[in-house]
Amino acid sequence: MRDTYAETKLAILLAGRGLIAKKGFTGVGLSELLAAADIPKGSFYHYFGSKEGYGKELIEQYVSEYLQVLDKLFAPGDSNARERLLTFWGHWIETQCCEMTEHKCLVVKLSAEVADLSDDMRIALHEGTKAFMTRIAAVIQEGVDEGSLHTALEPAKTAQMLYQLWLGASLISKLSKGRDALESAMDVTRRVLVAP
């Protein structure tokens, strides 16, 4: 038996993340979700008002964790901003090409599926992607300021363009079951982030 309401709720969210990353939001039923979390069937509505509410909280929890990953990858250290950005995109390739579904990007998996299904989930995804691009733009600005990136780069527009490039490459990679689209995105990213 779990100790607290918050721990049980988190367990349900984490159990669902892997299932939804593999099957999609509509492909996972409540009974399957609760079985994976080892929670009695009648408990779901004690923690979430609806499946849509669950989806919104799942996205928000994923965004929060992903921002922590970005903060760690982008933290100043021995490498300059350009190197940290390329490390991030390299991390993207490795996590999106692996077979472990728990590492797959929920933004890639859910964006098209839930955009017309749930306004709350769409907004949570949209706010999450804006937060991701803001983090990327901050590192681009740092690179411009330190001289590791070209001074002509506009951080916000460049971050948006690169993030959109990688989302599209991830979708093509899912269709092809290969990494060529992601490797092409990395080639474009290197050219965009070329030092002066």
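An account of the accompanying structure is given in this report. Keep in mind the model is a prediction, meaning the values are calculated, not measured.

Quick notes on the rules
- Residues numbered from 1 in each chain as written.
- Predicted model: local features only at pLDDT ≥ 70, side-chain atom pairs only at ≥ 80, totals over all residues.
- Heavy atoms only, no water.
- Salt bridge = Lys/Arg side-chain N within 4 Å of Asp/Glu carboxyl O.
- Buried < 20%, exposed > 50% of the residue type's maximum accessible area, 1.4 Å probe, protein only.
- Phe/Tyr/Trp six-rings, centres within 6.5 Å; stacked < 30°, edge-to-face > 60°.
- Helix = DSSP H or I, 4+ residues; strand = E, 2+ residues; numbered from the N terminus.
- Lys NZ or Arg CZ within 6 Å of the ring centre and 35° of its normal.
- Expected span 1.5 Å × (residues − 1).
- Arc of directions from axis to C-beta.
- Axes fitted to C-alpha atoms, helices over the stretch in contact; angles between N-to-C directions.
- Parallel < 35°, antiparallel > 145°, perpendicular 65-115°, else oblique.
- Left-handed = near helix turned anticlockwise from the far one by under 90°.
- Contact = heavy atoms within 4.5 Å.
- Nonpolar A, V, L, I, M, F, W, Y, C, P; charged D, E, K, R; others polar.
- Core = buried A, V, L, I, M, F, W, Y, C linked by side-chain atoms within 4.5 Å.

For the rest of this paragraph, the subject is the pattern of salt bridges. When their charged atoms lie close together, side chains carrying opposite charge are able to pair. If you walk through the whole model with that rule in mind, you get 12 salt bridges. Between R179 and E183 there is a salt bridge, with its nearest N and O atoms 3.1 Å apart. For R179, a relative accessible area of 32% gives the class partly exposed. Under the relative-accessibility criterion, E183 is labelled partly exposed at 31%. Connected through salt bridges with shared partners, the residues E94, R179 and E183 form a single ionic network.

Under the definition given, this model contains 15 aromatic pairs. Here the aromatic rings of F74 and F88 are separated by 5.4 Å at their centres, their planes lie at 70°, and the arrangement is edge-to-face. Of this pair, F74 sits in helix α4 (residues 51-74) while F88 sits in helix α5 (residues 81-97), and the two are 14 residues apart along the sequence. The exposure classification of F74 matches that of F88, with both residues buried. Between F132 and Y163, the ring centres sit 6.1 Å apart and the planes meet at 55°, which makes this aromatic pair tilted. Highlighted residues: F132 in helix α7 (residues 119-146) and Y163 in helix α8 (residues 155-176), separated in sequence by 31 residues. With a relative accessible area of 1%, F132 lands in the buried category. Of the aromatic side chains, those joined through ring pairs into one cluster are Y62, Y66, F74, F88, W89, W92, F132, Y163 and W166. Above the face of the F25 ring, K51 is positioned so that its terminal group lies 4.6 Å from the ring centre.

Now for helix α9 (residues 180-192). For an α-helix, 3.6 residues make a turn, and residues three or four places apart therefore share a direction. For α9, with 13 residues, the first-to-last C-alpha span of 18 Å sits near the 18 Å given by 1.5 Å per residue. Three or more residues of α9 are buried, namely A181, L182, A185, M186 and T189. Relative to the axis of α9, the buried residues are bounded by an arc of 145° and lie together on one face. Exposed residues lying more than 90 degrees from the buried face of α9 are D180 and R191.

The N-to-C vectors of α8 and α9 enclose an angle of 165°; their axes lie 8 Å apart at closest approach. Taken together, the axis directions place α8 and α9 in an arrangement best described as roughly antiparallel. In the crossing of α8 with α9, the sense of the turn from one axis to the other is right-handed. Counting all contacts with α8, which are made through T158, M161, L162, L165, W166, A169, S170, I172 and S173, the residues of α9 involved are A181, L182, A185, M186, V188, T189 and V192. Here the contact of α8 with α9 is composed, by residue class, of 12 nonpolar, four polar and no charged.

Further remarks concern unusual backbone geometry. Here the phi dihedral of D38 falls at roughly 60°; this positive angle occurs in a residue that is not glycine. Looking at the element boundaries, D38 is found in the loop between α2 (30-37) and α3 (44-47). Notably, K177 is not glycine yet its phi reads approximately 55°, a positive angle. By the element assignment, K177 lies in the loop between α8 and α9.

A few words now on the nonpolar core. Ranked by size, the top nonpolar core spans 60 residues in total, and within it Y54, L85, W89, W92 and I136 carry the most contacts. Top element by residues in this core is α7. It accounts for 11 residues. Aside from chain neighbours lying at most four places away, what touches W92 is Y66, Y163, W166, L167, S170 and L182.

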